[in-house]
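Structure at a glance
Listed here are the chains, written in short residue letters.
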Amino acid sequence: MEKLSIIKIGGNIIEDDAALSAFLKLFSNLKGRKILVHGGGKRATHIASKLGIASKMINGRRITDAETLKVITMVYGGLVNKNVVAKLQALNTNAIGLTGADINSIKSEKRPVKEIDYGFVGDVKKVAHKAIDKLIQADFTPVFCAITHDGNGQLLNTNADTITSQVAVGMSNLYDTSIYYCFELNGVLEDINDKNSVIKHIDSKIYKELLGKGVIADGMLPKLENCFDALRHGVNTINMGNTAMLTQENDNFTKITL
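The sections below set out a description of the structure shown in this document.

Criteria and thresholds
Residues numbered from 1 in each chain as written. Predicted model: local features only at pLDDT ≥ 70, side-chain atom pairs only at ≥ 80, totals over all residues. Heavy atoms only, no water. Pairing = 2+ DSSP bridges. Helix = DSSP H or I, 4+ residues; strand = E, 2+ residues; numbered from the N terminus. Contact = heavy atoms within 4.5 Å. Axes fitted to C-alpha atoms, helices over the stretch in contact; angles between N-to-C directions. 1 Å grid on protein atoms, 1.4 Å probe; cavity = no way out; pocket = protein on both sides within 12 Å on 5 of 7 lines; lining within 4 Å. Points joined across faces, edges and corners; volume = space filled by probe spheres on them. Nonpolar A, V, L, I, M, F, W, Y, C, P; charged D, E, K, R; others polar. Buried < 20%, exposed > 50% of the residue type's maximum accessible area, 1.4 Å probe, protein only. Arc of directions from axis to C-beta. Core = buried A, V, L, I, M, F, W, Y, C linked by side-chain atoms within 4.5 Å.

One open sheet holds the eight strands; their spatial order is β5-β8-β2-β1-β11-β13-β14-β12, and the pairing between them is mixed. At either margin of the open sheet sits one strand with a lone partner, and together these are β5 (95-98) and β12 (201-202). Taken together, the five bridges between strand β11 (residues 176-182) and strand β13 (residues 237-241) define a ladder with parallel strand orientation. Each bridged residue has a counterpart across the sheet, and for C182 the counterpart in β13 is G241. Of the strands in this sheet, β2 (33-38), β5 and β8 (141-144) are in contact with helix α4 (residues 66-90), which crosses β5 at around 175 degrees.

See below:
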């Protein structure tokens, strides 16, 4: 099977023009088929504040009311997405910016209200991998923002990590898929206070050991649970680290396999 790389970048890269430009050069130089996924939460919070719309967060997750959804649509689907696409075009990468509503690519359902009402937040239910592949086969590079839809005209704010893993699972029907989660750390760390303590390989057995020691905790816990779910559903490998892991010279990042 042909290889496909799905790369997700976080808000810290998007917020820093120099870091974003450096990343997009690496992304453009990456050989083979590829998809980019981005969020933009920090930019959305900043612009919402300027518009007098308070951002509500519970346990690090955004509550998306109707007014917040308007801001997120403008920022994720407009400002951030089109800026990234324009910069990629300047680097001779023929990118196409997408939400999950475009070509009906990612359908979600509104998260059910349990203890917390998250508002217009979506949980991914279906990825139209054949439709996305038509773009790839036409030599376009899809750039997804963190917005999906419910099939009934409603846009939904959706976690970018989840979009990344679900798109990778869907595309694994057609490709040998690998995920690259790019963030500010060098990888999963043995010691959170030592940025050089990168755990270079984690499989299911090592993961259980790290859980037992309390090394995997807090925000990294759902990230890694998400990773192993994707691996169990067809994704080949998942890599976590800073953007330098996209270069062949760098091996100081975390590779996750079953």
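The subject of this paragraph is the layout of surface pockets. The calculated volume of the largest pocket comes to roughly 1,300 Å³. For the largest pocket, the lining is made up of 40 residues, of which K8, G60, N159, A160 and D161 are closest to its centre. Of all the elements in the fold, those that place two or more residues in the lining of the largest pocket are β1 (3-9), α1 (11-15), α3 (41-50), β4 (61-63), β7 (122-127), α6 (160-171), β11 and α8 (220-232). With four residues, α8 is the largest single contributor of residues to the lining of the largest pocket. Residue composition of the lining of the largest pocket, by class: 15 nonpolar, 16 polar and nine charged. Looking at the second largest pocket, its volume works out to about 490 Å³. Contributions of two or more residues to the lining of the second largest pocket are made by β1, α2 (17-29), β11 and β13. Classifying every residue of the lining of the second largest pocket gives seven nonpolar, ten polar and four charged.

Next up on the list: α3. For α3, the set of buried residues is R43, A44 and A48. Along the axis of α3, the buried positions cluster into a sector of 130 degrees, meaning they face one direction only. Turned more than 90 degrees from where α3 packs its buried face, S49 and K50 sit exposed. In the core, the buried residues of α3 are packed alongside α1, β4 and α4. Of the residues trailing α3, G52 is marked for its positive phi of about 80 degrees.

Judged by nonpolar contacts, the single largest core of 69 residues is most densely connected at I7, F23, I35, L36, I238, M240 and I256. Ignoring sequence-local partners within four residues, the contact set of I256 consists of I202, L224, C227, F228, L231, T237, I238 and M240.

Tracing the sequence through the fold places T64 in the loop between β4 and α4. Residue classification places T64 among the buried residues on the basis of a relative accessible area of 0%. For the pair formed by T64 and A146, sequence separation is 82 residues and the distance between their alpha carbons is 13 Å. Look past the residues within four positions of T64 in its chain and what remains in contact with it is L69, I72, Y118, G119, F120, V121 and N157.

This next bit is on the pairing of β2. Across the six residues that make up β2, a large majority, six, are buried. Alternating residues of β2 divide into R33, I35 and V37 and K34, L36 and H38, and every residue in both groups is buried. In terms of strand pairing, β1 meets β2 through six bridges, oriented parallel. Within β2, the residue paired with L4 across the bridge is R33. Here β2 pairs with β8 via two bridges, running parallel. Paired with V37 across the two strands is F144, which belongs to β8.

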